[in-house]
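Tertiary structure, described
Residue strings, one per chain:
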Amino acid sequence: MKVSGYSGVLAAVLAVLCGCTVQPTGGGDAKGHSPVRIDLPHSPAPAGTAPTASGTTTPAARAPSPSAVETVPPHIVYTRGDTGTGVRELQARLRQVAWLFEGPTGTYDDLTAQAVAGFQGRRGLPRTGETDAVTWQRLVRMTHRPGKWELYLMGGQPAAAPDPRCLTGRVLCISKTSRTLRWMIDGRTVSTMSVRFGAQYTPTREGVFHVYWKSRHHVSTLYHSSMPYAMFFSGGQAVHYSYDFAARGYAGGSHGCVNVRDETAIADLFAQVRNGDKVVVSW
């Protein structure tokens, strides 16, 4: 066996063991070069570089430094002009911590913004008047989830479906479940308003009645309290406007009458209702 051939085989074996790539060259050349070409493995790329398709390296993209990242403002949960049950909950919670004394109305108005700003300032938060995630979380930790009648303390709740006895004729359709009054004519709802009923020991009677007397500027002879726009339907019980209901909402109660807190609404109702119109009080 020729030594040169043995040397070639030995070189090839060493190349394979070293992990190199062996490529034929078509035999030795006149200058005595080896018949195999050995490509050494690439050394690890320096930190901060990335390999390319050709095997060379280019500087890798660096993550931006913290100072180069823009500060993202907290997510705004509620702001001026927003409406809905979420705003009602915000207002009810603000009432719990004595930062809001009106509503809840379900509308994020100037009074709500002022209350939020006051709450924020007392706790070292930016006084924006807008309820961001941080403000909301802080308020939630300090309060309990409002119940239905905290959310609708001052009225505004949806009316229950009308009692079947309300679907014919002219009817004051009153629901104790939803605390609402529907003024209905031949099954059509003309207007709806929030109402309040008698307290525990002076409950509002339930059943079917009729308006038998209307008194625009009535004053109770028993309790000496004002009962504007009174429409009597059962003894001394009447549907009428209540200053107390307008001021305190469902925090109070009547002596058996059906109280209305919206003076404009009951003034319009008083003008339409006639003696003899039906009154249905139901759960």
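Remember, predicted model here, so these are calculated numbers, not experimental data.

**Comments concerning the side chain of Thr-180**
- On the secondary structure map, Thr-180 appears in strand 8 (residues 180–185).
- For Thr-180, the side chain forms a polar contact with the side chain of Ser-178, separated by 2.6 Å.

**Overview of unusual backbone geometry**
- A cis geometry characterises the amide bond from Gly-103 onward to Pro-104, with omega recorded as 5°.
- For Pro-104, the position within the fold is in the loop between helix 2 (85–96) and helix 3 (110–122).
- Phi at His-224 is positive, roughly 60°, even though this residue is not glycine.
- Mapped onto the secondary structure, His-224 falls in the loop between strand 11 (213–219) and strand 12 (226–234).
- On the basis of relative accessible area, His-224 is assigned to the exposed category, the value being 65%.

**Considering the packing of aromatic side chains**
- Per the counting criterion, the structure on display carries eight aromatic pairs.
- Between Tyr-78 and Trp-136 the ring centres are 6.0 Å apart and the planes differ by 75°, which places this aromatic pair in the edge-to-face class. With Tyr-78 in strand 5 (residues 76–78) and Trp-136 in helix 4 (residues 133–142), this residue pair connects regions lying 58 residues apart in the sequence. Here Tyr-78 matches Trp-136 in class, with each residue buried.

**Let's talk about the pairing of strand 7 (residues 170–175)**
- The buried fraction of strand 7 is high, at five of six residues.
- Hairpin connection between strand 7 and strand 8: a loop of four residues separates the two successive antiparallel strands, and Arg-179 in this loop has a positive phi of roughly 55°.
- Across five bridges, strand 7 lies against strand 15 (residues 278–282) in parallel orientation. By the bridge assignment for strand 15, Val-171 is matched with Lys-278.

**Some points on the side chain of Asn-259**
- Turning to its location among the elements, Asn-259 is positioned in strand 14 (residues 258–260).
- Among the residues examined, Asn-259 registers a relative accessible area of 2% and is labelled buried.
- Polar contacts involving the side chain of Asn-259 include one to the side chain of His-240, which spans 3.3 Å.

**Details of the state of the cysteines**
- The final tally for this structure, using the stated rule, is one disulfide.
- Between the sulfur atoms of Cys-166 and its disulfide partner Cys-173 the distance amounts to 2.2 Å. Its S-S torsion of about 85° marks the bond between Cys-166 and Cys-173 as right-handed, since a negative value means left-handed. Cys-173 carries the same exposure label as Cys-166, and that label is buried.

**A closer look at the environment of Gln-272**
- By the secondary structure assignment, Gln-272 is in helix 7 (residues 263–272).
- Sequence separation between Gln-272 and Trp-183 is 89 residues, and the spatial gap between their C-alpha atoms is 9.5 Å.
- Apart from the residues lying within four places of it in its own chain, the contact partners of Gln-272 are Arg-170, Trp-183, Val-190 and Asp-277.

Rules used throughout
- Residue numbers here run from 1 along each chain, matching the order of that chain's written sequence.
- Given that the model is predicted, a residue must reach a pLDDT of at least 70 before its local features are reported, and side-chain atom pairs must reach 80 or more before they are shown or counted; all residues, however, enter totals for whole chains, interfaces and linings.
- Calculation of side-chain values draws on the structure's entire complement of heavy atoms; hydrogens and water are dropped beforehand.
- The helix and strand labels rest on DSSP assignments: H or I over at least four residues marks a helix, E over at least two residues marks a strand, and numbering proceeds from the N terminus.
- Distance and chemistry together define a polar contact, namely a pair of N or O atoms within 3.5 Å, with one atom able to donate a hydrogen and the other to accept it when in protein, and with adjacent residues in sequence counting only for side-chain atoms on both sides.
- Burial status follows relative accessibility: with a 1.4 Å probe on protein chains alone, a residue under 20% of its type maximum counts as buried, one over 50% as exposed, and anything between as partly exposed.
- Any two of the Phe, Tyr and Trp rings considered here, Trp counted by its six-membered ring, make a pair once their centres fall within 6.5 Å; the pair's planes then place it as stacked at under 30 degrees, edge-to-face at over 60, or tilted in between.
- A pair of strands counts as paired when DSSP detects no fewer than two bridges linking them.
- What counts as a disulfide here is a pair of cysteine sulfur atoms lying within 2.5 Å.
- By definition, residues are in contact when any of their heavy atoms lie within 4.5 Å.

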